[in-house]
Every structure is written in structure tokens, then in C-alpha cells.
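Residue-level structural notes
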Amino acid sequence: MTQKPLAAATTLVHAGRPPRGPGMPVNTPVHLQSIQYSADSPGPGDSFYGRYGNPSWDGLEEVLGRLEGAEVPAVAFSSGMAAISAALTALLPPGGTVVLPRHAYLSTIAMALDLAQKQGVSVVQVDIADTAAVVAELDGAALLWIESPTNPMLEVADLPALVQAAHAAGAKVVADNTFATPLVMQPLTHGVDAVVHSVTKYLAGHSDVVIGAVVTRDDQLRQTILAHRTLYGAIPGPMEAYLALRGMRTLALRVERSQESAAELARRLAEHPAVREVRHPSLPGDPGHERARAQMSGFGSILGIRVRGGAEAADAVVQRTSLWLPATSLGGVESSLERRRRLGAETTTVPVDYIRLSVGIEDVEDLWTDLEAALGA
Ligand SMILES: Cc1ncc(COP(=O)(O)O)c(C=O)c1O
């Protein structure tokens, strides 16, 4: 009898547990160890020292690999940036060209520019929503880097078209799936070569841990990524891996609630007189709406607004909220917001009056009351 595959919500709860048996723990234990008893002649997969492996990572890696449809475990890292560094190093040779969204996460852009200085790579920044413009830059490129929706501007890339064009040009493709989460989009199923995550965000979900991961179906690439982690040492802590997996057990509920609230808030914000513009792919008028409908199963829980009155007015809105946290980062159970351009490193094409909001799982009416008061004062 062939078994029906489990839904993601069930995988999230049941996968990645220790084997069943009387007296066995139901949760992956936290293994606080740097050494293990060693075999006389350890094989390549044998873990005998904490930088090579820790059983505390296994559950998290298994669940994330399955969620992304990889059929092999993810490779967990000490942070999203460590995961990004491993993917960039593996797929971008010295002197190679990477095509990158102009509105990608600011440290991803900074890392690519750092590699440009130190290893002579070329960085071409594009509007990732403009498919023709991206395709025009792919000739001779080694790597196409995708964020969709982008951080912070929420542009939606045409994933299938870009993957096809990149592969035809001989380039590999990496997608940062932090914003969508594998519940809403699975880039590997669109042919992307590797997915990276800031697990720090939705996957862990409680703003209490920094951790990352790379997921790929390509065995050779996965071995390269694993070897990079072991050699360069950006391994996750056992406690962090435990917390991330514990957070992931409730991911389906959190994503469902926060997406629904984000879409509702986007609708209301679009009618608010203090708001010039709302960005959320759920809105029928949003430039990414049709694409998001075609390639995502939801619209995500991050939205952006431009407020009337410029940077000062935007700062005042952020400061006046009492429920929403004025904080960077995103994807936690608590709603937060920030004016991105207050950070000197943010891309200058992000408008100065743009506030990025991360919608959490609170009651949507409470969130609206707080936001409306902050906007209207
Ligand atoms: C889209 C995206 N990718 C990667 C990162 C980096 O992840 P970490 O902070 O876990 O290193 C972030 C952090 O904000 C992010 O928003």
C-alpha cells in the first residue's frame, strides 16, 4: 500500500523525533558535548568531534529538508549569514559574476560586495521583479541570487522563468526563502539549486535565537556545503538547534494566523489617509499580486507602508506604537516594525518614509487599534 504523503503541518509536528521505544525521549535531546567516543577508524560521515556533527542538529535538519521537498536533510548553520556565506562560497568562483536583487537583505548585498573587493567577483544588482532586465544580465554569470518577496520592498520574482533562464545561461540559482517560508513557497520544486534560510525568523519564530540553514537536493553541492561548515566552523549551538525545532513545531499555525492578519491590515492601511502606499502581495493592485498567486500558497506576513510626511513622520509612527515592537528582525510571534532607511547601510532606493512591518500572531483588532492610533495622532 502506498502511503499518502503527510501534509506540511503534520511533518512539522512529527518529523525529526528520536526513534520510538519504551523509555526513549519524544524530543531531540540537547547534546552538550564537544567530543564523542570515537571509532578506531572514523568514516567520512562519522561524528567524533562537535564541529563535525551534533545529534542536536538532526531533527531540525530533517524537518527543514522535508518541508522544502529536498528529501535529504538541510545543513544547519550558526546564522542565516553563515548559511549565505557557505552558499556564496560554494557557487561563486573567484572572479565570477553574481546577479543579485537591488533590494536584497542588506548584509547579503554587503557580503557580495565584500567578495567583490577581496576575490574580484562582479556583483550585478537588478530589479528582480523585472524578468527581462534580470535575464539580460545572466549571460556569463555564475550565480543568480533570488529573494522573493524581497527584503524590504516585497518585490515578487518570476521564479520559474528566472530559474529556466539562469540554467540556460549556465548559472546556478539560490533562493533566500526566509520571507515566504517553505509552507508558502518551495523554491526547490521550481528548480532552484539551493535554498537558504535565516531560521532566526519564522522557522524558529520566537525572537530568541540566531540560526540558519542551506537546503539542496544536489548531493555534490550538499557535500561542499557540509565540508564548508566543518572547515570554517559556523556550526549551530545545540541549544539553538533545540529552540529552533521547538519553534518550528507551531510554524503552520503561526504562518496561517500572521498571513491572515497581514492581509487584513494591508486592506485597512490602503484606505488610511496617513498612508501614501501599501506593499503586500495580497492586495489586488500590488505589482507582485498575480505572480504571488501563481507560485505561492499565501502572501506572507511582512508588509510595507509609506507614510505621508517623510522620514520624520515615519519615525513618529514607529515611536508611537505601544503594542508593535520598534525593532529590527521579523518573523517572531510578536509584531514589530521599523523604518529601514534609519539604518545607514540600507539601499538608497528604499524610500525614506518606508516602514517594514512584521505581523505576528496577536489579535488583529488589537494590532489595528495600536497602528491606527500611531498613524492618526
Ligand atoms: C531575508 C534575510 N536573509 C538572511 C538574513 C540573515 O539572517 P541572520 O540574521 O540569521 O544571520 C536576514 C536577516 O534579517 C534576512 O532578513
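This is a predicted model, so every value here is computed, not measured. (Residues numbered from 1 in each chain as written. Predicted model: local features only at pLDDT ≥ 70, side-chain atom pairs only at ≥ 80, totals over all residues. Heavy atoms only, no water.)

Focus: the overall build of the protein
- Scanning the protein from terminus to terminus reveals 12 helices and 12 strands.
- Computed over C-alpha atoms, the radius of gyration of the protein comes to 21 Å, within 12% of the 21 Å expected from 2.2 N^0.38 for 377 residues, which places it in the range of a compact globule.
- Buried residues in the protein amount to 52% of all 377 residues.
- The long-range share in the protein, meaning contacts at least 24 apart out of those at least 6 apart in sequence, stands at 70%.
- About 16,500 Å² of surface is accessible on the protein, with carbon and sulfur atoms providing 53% of the total.
- Put simply, the protein has 30 plus and 40 minus side-chain charges, and the middle of one group is 1 Å from the middle of the other. (Helix = DSSP H or I, 4+ residues; strand = E, 2+ residues; numbered from the N terminus. Rg over C-alpha atoms; globule rule 2.2 N^0.38 Å. Buried < 20%, exposed > 50% of the residue type's maximum accessible area, 1.4 Å probe, protein only. Contact = heavy atoms within 4.5 Å. Areas by Shrake-Rupley, 256 points an atom, 1.4 Å probe, with all protein chains shown as cover. Lys, Arg positive; Asp, Glu negative; His and termini not counted. Charge placed at Lys NZ, Arg CZ, Asp CG, Glu CD.)

Details of the packing of helix α9 (residues 251–270) against helix α12 (residues 364–376)
- At a closest axis distance of 11 Å, the pairing of α9 and α12 adopts a crossing angle of 30°. By crossing handedness, the relation of α9 to α12 is classed as right-handed. Contact with α9, carried on its side by Ser261, Glu264, Leu265, Arg268 and Leu269, involves Val364, Glu365, Leu367, Trp368, Leu371 and Leu375 of α12 and no other residues of that element.
- Along the lines of polarity and charge, the residues of the contact of α9 with α12 split into seven nonpolar, one polar and three charged. (Axes fitted to C-alpha atoms, helices over the stretch in contact; angles between N-to-C directions. Left-handed = near helix turned anticlockwise from the far one by under 90°. Nonpolar A, V, L, I, M, F, W, Y, C, P; charged D, E, K, R; others polar.)

A few points about the domain arrangement of the protein
- Here the protein is partitioned into domain 1 (8–248) and domain 2 (251–376).
- Taking only C-alpha atoms, the centre of domain 1 and the centre of domain 2 are 26 Å apart.
- Contact residues are listed per partner, giving 38 residues for domain 1 and 35 residues for domain 2.
- When domain 1 packs against domain 2, close to 3,000 Å² is buried across both sides, 61% of that on carbon and sulfur atoms.
- Counting the surface domain 1 buries against domain 2, the share from its top three residues, Leu154, Val184 and Tyr202, is 24%.
- Here domain 1 is connected to domain 2 by zero salt bridges.
- Elements represented by at least two residues in the side of domain 1 that touches domain 2 include exactly α1 (8–14), α4 (106–119), α6 (159–168) and α8 (238–248).
- Here the residues of the side of domain 1 that touches domain 2 are counted per class, giving 24 nonpolar, 10 polar and four charged. (Domains from an automatic or database assignment. Buried area = accessible area lost by both parts, 1.4 Å probe. Salt bridge = Lys/Arg side-chain N within 4 Å of Asp/Glu carboxyl O.)

A closer look at the packing of helix α3 (residues 80–91) against α4
- Direction vectors running N to C along α3 and α4 enclose 40°, while the axes themselves pass 11 Å from each other. In terms of orientation, α3 and α4 fall into the oblique class. Between α3 and α4 the crossing geometry is right-handed. Contacts between α3 and α4 involve Met81, Ile84, Ser85 and Leu88 from the former and Ser107, Thr108, Met111 and Leu115 from the latter.
- The class makeup of the residues in the contact of α3 with α4 is five nonpolar, three polar and no charged. (Parallel < 35°, antiparallel > 145°, perpendicular 65-115°, else oblique.)

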